[in-house]
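Each chain is listed here by its residues.
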Amino acid sequence: MEEIDENSEVICYGPDYLELANELVNVTSDRILHNFMMWKLLDSVAYYLSDPFRDQYTKFHNLLDGKSGKRERWKECQDECNIVFDMAVGAMFVREAFSEDDKAEVEVMIQDIKDAYIDELPNIDWMDDESRSKAEAKAKLMGYEIGYPDYILNTTELDARWEGFEVNRTQFFVNRMSFHRHRNEGTMKWIFKEPNPDEWYLPPQIVNAYYDPTTNNMTFLAGILQSPMYNPRYTMAFNYGAIGMVMGHELTHGFDTIGGMYNHEGALIPGGWYTEETTEGFLNETECVVDLYNSYCMPPWTDLGCIDGELTKSENIADLGGIKQAFYAYNNYYLARNLDVGLIPGFRSNDEVLFLAFSQGWCNKYTTEYLEQMLVSDPHSPAMYRVIGPLSNFEEFGSLYGCTTNDEMNREDKCSVW
Ligand SMILES: [Zn+2]
């Protein structure tokens, strides 16, 4: 393993944070620092200890999250397996729940989303031609992974991942500690290596998707390619509205505040790859998004205040772009290939199905306590505004539903980054 010393080059994403944290450490008493460190350690291991520890742990976290009661033992065991044997559980899941046909259809959808994004580029008035052609090249070269990494269906390769990892039947805590050691050793092996575009950061059974700026690659896990986000038997307007929007969202991350720093090959470009003029235009548009989401507040009885527009700006930009790309991908590409698509009874058009599927995907229920934590720490906006924000800023939505100008769902001064 290579040594890290003061001459090792590292990328620091938040130099301001480190400086401020340093200051904070200097002005905080030793007693508080000591307690904080002990607390962080205890909080991370108490769950794996005997009942008295676990009971206190549950009590504390229930209070924090606004929950009550204990989780059933079988659920805890399942969660634990899911974390420790992530890809192995994933292999069992995909054999059961994901097919090659699904993969082929999803691939076509991603291509449509990319094309929809590229088609819109000439209409982006804050971009100059140079930045626009770089954006086009980056979108074209953006890779994607669908479902699961192939190696997990190869038992030998899969077993190799847990080589040296000891499990015993009676000691939960010891197992957890050896898992941490095993995983950390694995992570350390990556230091100083080129990013591997074939490495998956999450196992396929997780309901999620992500964009990795260092490889210019999107990943859609098999877990999110399930109902109600995607189902090969659903009408495609539904699939474009639900998973198609997620695809647009991930693609847009390639061009947000972070994506703008990494080029088409995933190389970090100091100052970003937009021209100075375009950067200024981008920041102007971003300002609109920040102000808009700052104005989105929680119900008054919760006393929780409003969204932090600055904290959530990248995700909001991705949401605003994602629904547009999904809409245009469906209308301009999917429908162009499939002239005779039916209509679900009760709907006036498939666009209604698309918007409904999008909204349904974010149907959520939060406890007040959870929402409180989310507002200060989650870069995503609470789910209701992940629907209201993008739809009320999208021309096509307002006209489809005949909203009057400056209706709540049809803002007069629309924020539009992409
Ligand atoms: Zn995102």
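Attention in this report is confined to the structure presented alongside it. (Residues numbered from 1 in each chain as written. Predicted model: local features only at pLDDT ≥ 70, side-chain atom pairs only at ≥ 80, totals over all residues. Heavy atoms only, no water.)

What to know about the coordination of the zinc ion
- Protein coordination of the zinc ion is provided by His249 (NE2), His253 (NE2) and Glu315 (OE), with donor distances spanning 2.0 to 2.1 Å.
- Site description for the zinc ion: donor spacing in sequence, H-x3-H-x61-E. Taken together, the residues His249 in helix 10 (residues 236–253) and Glu315 in helix 12 (residues 313–337) connect sequence positions 66 residues apart. Like Glu315, His249 is buried. (Donors = N, O, S within 2.8 Å, 3.2 Å for Na, K, Ca; no water. Helix = DSSP H or I, 4+ residues; strand = E, 2+ residues; numbered from the N terminus. Buried < 20%, exposed > 50% of the residue type's maximum accessible area, 1.4 Å probe, protein only.)

Section: the state of the cysteines
- Scanning all chains against the criterion turns up two disulfides.
- For Cys288, the disulfide goes to Cys415, at an S-S distance of 2.1 Å. Across the disulfide from Cys288 to Cys415, rotation about the S-S bond amounts to roughly -85°, and the bridge is consequently left-handed. Of the two residues, Cys288 is situated in helix 11 (residues 276–294) and Cys415 in the segment after helix 16 (395–400); the sequence distance between them amounts to 127 residues.
- Take Cys288: its relative accessible area is 25%, and that puts it in the partly exposed class.
- One disulfide in the model links Cys297 with Cys306; its S-S distance is 1.9 Å. Looking along the S-S bond of the Cys297-Cys306 disulfide, the torsion reads about 80°, which is the right-handed sense.
- In the protein, the bonded cysteines, taken in the order they occur along the sequence, pair up as 1-4, 2-3.
- Cysteine Cys77 remains unbridged, with the sulfur of Cys81 as its closest cysteine sulfur at 7.2 Å. (Disulfide = S-S within 2.5 Å.)

Some details on the pairing of strand 1 (residues 143–147)
- With four of five residues buried, strand 1 is to be regarded as a mostly interior element.
- In this sheet, strand 3 (residues 217–221) lies alongside strand 1 in parallel orientation, the contact comprising five bridges. Across the sheet, residue Gly147 finds its bridge partner in strand 3, namely Leu221. (Pairing = 2+ DSSP bridges.)

Observations concerning the packing of helix 13 (residues 350–361) against helix 15 (residues 383–392)
- Where helix 13 meets helix 15, the axes come as close as 8 Å, and the angle between the chain directions of the two elements is 150°. For the element pair helix 13 / helix 15, the angle class is roughly antiparallel. As helix 13 packs across helix 15, the resulting crossing turns out to be right-handed. Here Phe355, Phe358 and Ser359 of helix 13 come into contact with helix 15, specifically with Arg386, Val387, Pro390 and Leu391.
- Partitioned by chemical class, the residues of the contact of helix 13 with helix 15 number five nonpolar, one polar and one charged. (Axes fitted to C-alpha atoms, helices over the stretch in contact; angles between N-to-C directions. Parallel < 35°, antiparallel > 145°, perpendicular 65-115°, else oblique. Left-handed = near helix turned anticlockwise from the far one by under 90°. Contact = heavy atoms within 4.5 Å. Nonpolar A, V, L, I, M, F, W, Y, C, P; charged D, E, K, R; others polar.)

Things to note about the nonpolar core
- Counting residues in each nonpolar core, the largest one holds 87 residues, and the members touching the most others are Tyr117, Leu225, Ile243, Phe255 and Trp418.
- Once residues lying within four places of it in the same chain are set aside, the contact partners of Ile243 are Met109, Ile224, Leu225, Met229 and Tyr230. (Core = buried A, V, L, I, M, F, W, Y, C linked by side-chain atoms within 4.5 Å.)

Some points on the pattern of salt bridges
- Here the structure, examined in full by the defined rule, presents 18 salt bridges.
- With a closest N to O distance of 3.3 Å, Glu199 and Arg161 form a salt bridge. Of this pair, Glu199 sits in the loop between helix 9 (172–188) and strand 2 (209–212) while Arg161 sits in the loop between helix 8 (155–160) and helix 9, placing them 38 residues apart in sequence.
- Look at Arg161 and you get partly exposed, because its relative accessible area is 36%.
- For Lys313, the salt bridge goes to Glu310, with nearest N and O atoms at 2.5 Å.
- Under the relative-accessibility criterion, Glu310 is labelled partly exposed at 45%. (Salt bridge = Lys/Arg side-chain N within 4 Å of Asp/Glu carboxyl O.)

A few points about the layout of surface pockets
- If you add up the space inside the largest pocket, you get close to 1,400 Å³.
- What lines the largest pocket is a set of 38 residues, and nearest its centre among them are Arg183, Gly186, Thr187, Trp190 and Glu199.
- At the level of secondary structure, the elements contributing two or more residues to the lining of the largest pocket comprise helix 4 (73–84), helix 5 (86–97) and helix 9.
- The element best represented in the lining of the largest pocket is helix 9, accounting for six residues.
- In terms of residue class, the lining of the largest pocket is built from 20 nonpolar, seven polar and eleven charged.
- Here the second largest pocket is characterised by a volume of approximately 820 Å³.
- The wall of the second largest pocket is formed by 34 residues, among which Asn208, His249, Glu315, His380 and Arg386 lie closest to the centre.
- Among the elements of the structure, strand 2, helix 10, helix 12, helix 14 (368–377) and helix 15 are those that each provide at least two residues to the lining of the second largest pocket. (1 Å grid on protein atoms, 1.4 Å probe; cavity = no way out; pocket = protein on both sides within 12 Å on 5 of 7 lines; lining within 4 Å. Points joined across faces, edges and corners; volume = space filled by probe spheres on them.)

Some thoughts on the pairing of strand 3
- The element strand 3 is extensively covered by neighbouring structure, given that five of its five residues are classed as buried.
- On strand 3, burial covers both faces: Asn217, Thr219 and Leu221 on one face and Met218 and Phe220 on the other are all buried.
- Both strand 2 and strand 3 contribute to a ladder of four bridges, which runs antiparallel. Considered in strand 3, the bridge of Tyr210 is made with Thr219.

Remember that the coordinates give geometry; whether it matters functionally is a separate question.
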